[in-house]
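Here are the chains, one letter per residue:
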Amino acid sequence: MSGFNRAELASFLRRWRARVQPADVGLEAGHRRRTPGLRRQEVAQLAGMSVDYYIRLEQGRGPRPSRQMIGAIARALRLSDDERAYLHHLVGEVPGPPPGPSRDVRPGVAHLLDRLDDTPALVCDAKYDVLAWNAMAAALLGDFSALPPGERNVIWRFFTDATARDRHDAEGGRRFARESVADLRTAAARYPRDAGVHGLIDRLLAASAEFRALWAEQDVQVRRSARKRLRHPLVGRLDLDCEALHDPFQDQWIVLYTAAPGTPSHEALRLLKVVGTQDITTP
């Protein structure tokens, strides 16, 4: 274990405490607040620790805090994953894995999806939950808003819903099945404590013999861009480039479906923009 940098930890805690506003953590600011940001006792209360112990940390004379205590302080100060990792390094701890994949789509990414009015685009997290999508994605894959939030998962729909499976040709379906299971195993290792990831795996193991067989093979693979052949009930077959762009800050994937200009698939996408989601079942 590396050294404990008390001075840097004290300075970091003081600076970040001043940046967090009471409203950020659900506290009333009050009229007599002289301290910028939070008071020391407020951070201690939010972290579930004694005020005296926290004061000593900010003064650079406290004992080395435990991994659990550092995690509690990070939550109290609303630190990002990078800031949380830095805090662990300051006390000589190797940071643990993040608690789970983020479900918050960055505003800029959401705006990008809306501007792509001729390109199906969606955002998935590490376990393939669909977090955001544009009108073209709904037209191509089905209206995700018609599904309960717990079922807006690409892997779950693929293995449990024949309608979703039939969107793929036979070869593409087999490839997606194998690659998505391998990617989900990677996510499970990255988020060993996340109930959402492991709950999805348990549901799939109970619901699909095919998933159980592929899971038992223990393949590991990270999602990549691919060529896909999809069948659509109104515009027919589409040969599409599926570009998967990773947002490392949120551990999310921005998935774009495109076709080369002048091809039948490109014309089919143009038609799809016109017909929208009419008479289309969910994915």
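Residues numbered from 1 in each chain as written. Predicted model: local features only at pLDDT ≥ 70, side-chain atom pairs only at ≥ 80, totals over all residues. Heavy atoms only, no water.

An unreviewed UniProt entry lists the protein chain under the name Helix-turn-helix transcriptional regulator, with Actinoallomurus acaciae given as the organism.

Caption draft 1: Summary view of the nonpolar core. Residues L9, L13, M49, I73, L77 and L87 are the most contacted members of the largest nonpolar core, which totals 25 residues. Breaking this core down by element, the ones donating at least two residues are α1 (6-19), α2 (40-47), α3 (51-58), α4 (67-76) and α5 (81-90). In terms of residue count, the dominant contributor to this core is α4 (five residues). The next biggest cluster of nonpolar side chains, apart from the first, holds 24 residues, and it includes A139, L240, A244 and A259. (Core = buried A, V, L, I, M, F, W, Y, C linked by side-chain atoms within 4.5 Å. Buried < 20%, exposed > 50% of the residue type's maximum accessible area, 1.4 Å probe, protein only. Helix = DSSP H or I, 4+ residues; strand = E, 2+ residues; numbered from the N terminus.)

Caption draft 2: Fine view of the packing of helix α10 (residues 170-190) against helix α12 (residues 209-216). Put simply, α10 and α12 touch, their axes get as near as 10 Å, and they point 60° apart. The angle between α10 and α12 falls in the class oblique. You can see that α10 and α12 cross each other, and the crossing is right-handed. Contacts between α10 and α12 involve A177, R178, V181, L184, R185 and A188 from the former and E210, F211, L214 and W215 from the latter. Broken down by class, the residue content of the contact of α10 with α12 amounts to seven nonpolar, no polar and three charged. (Axes fitted to C-alpha atoms, helices over the stretch in contact; angles between N-to-C directions. Parallel < 35°, antiparallel > 145°, perpendicular 65-115°, else oblique. Left-handed = near helix turned anticlockwise from the far one by under 90°. Contact = heavy atoms within 4.5 Å. Nonpolar A, V, L, I, M, F, W, Y, C, P; charged D, E, K, R; others polar.)

Caption draft 3: Structural view of the sheet that holds strand β3 (residues 226-232). Pairing is antiparallel across the open sheet formed by five strands, whose spatial order is β2-β1-β5-β4-β3. Looking at the sheet topology across the chains shown, the edges are occupied by β2 (130-133) and β3. Going across the sheet, the axis of each strand differs from the next one's by a mean of 30°, ignoring polarity. Pairing of strand β4 (residues 236-247) with strand β5 (residues 252-258) involves seven bridges; the strand directions are antiparallel. Bridge pairing in β5 places D241 opposite T258. Across the face of the sheet, helix α6 (residues 107-115) comes into contact with β1 (121-124), β2, β4 and β5 while running at roughly 155° to β1. (Pairing = 2+ DSSP bridges.)

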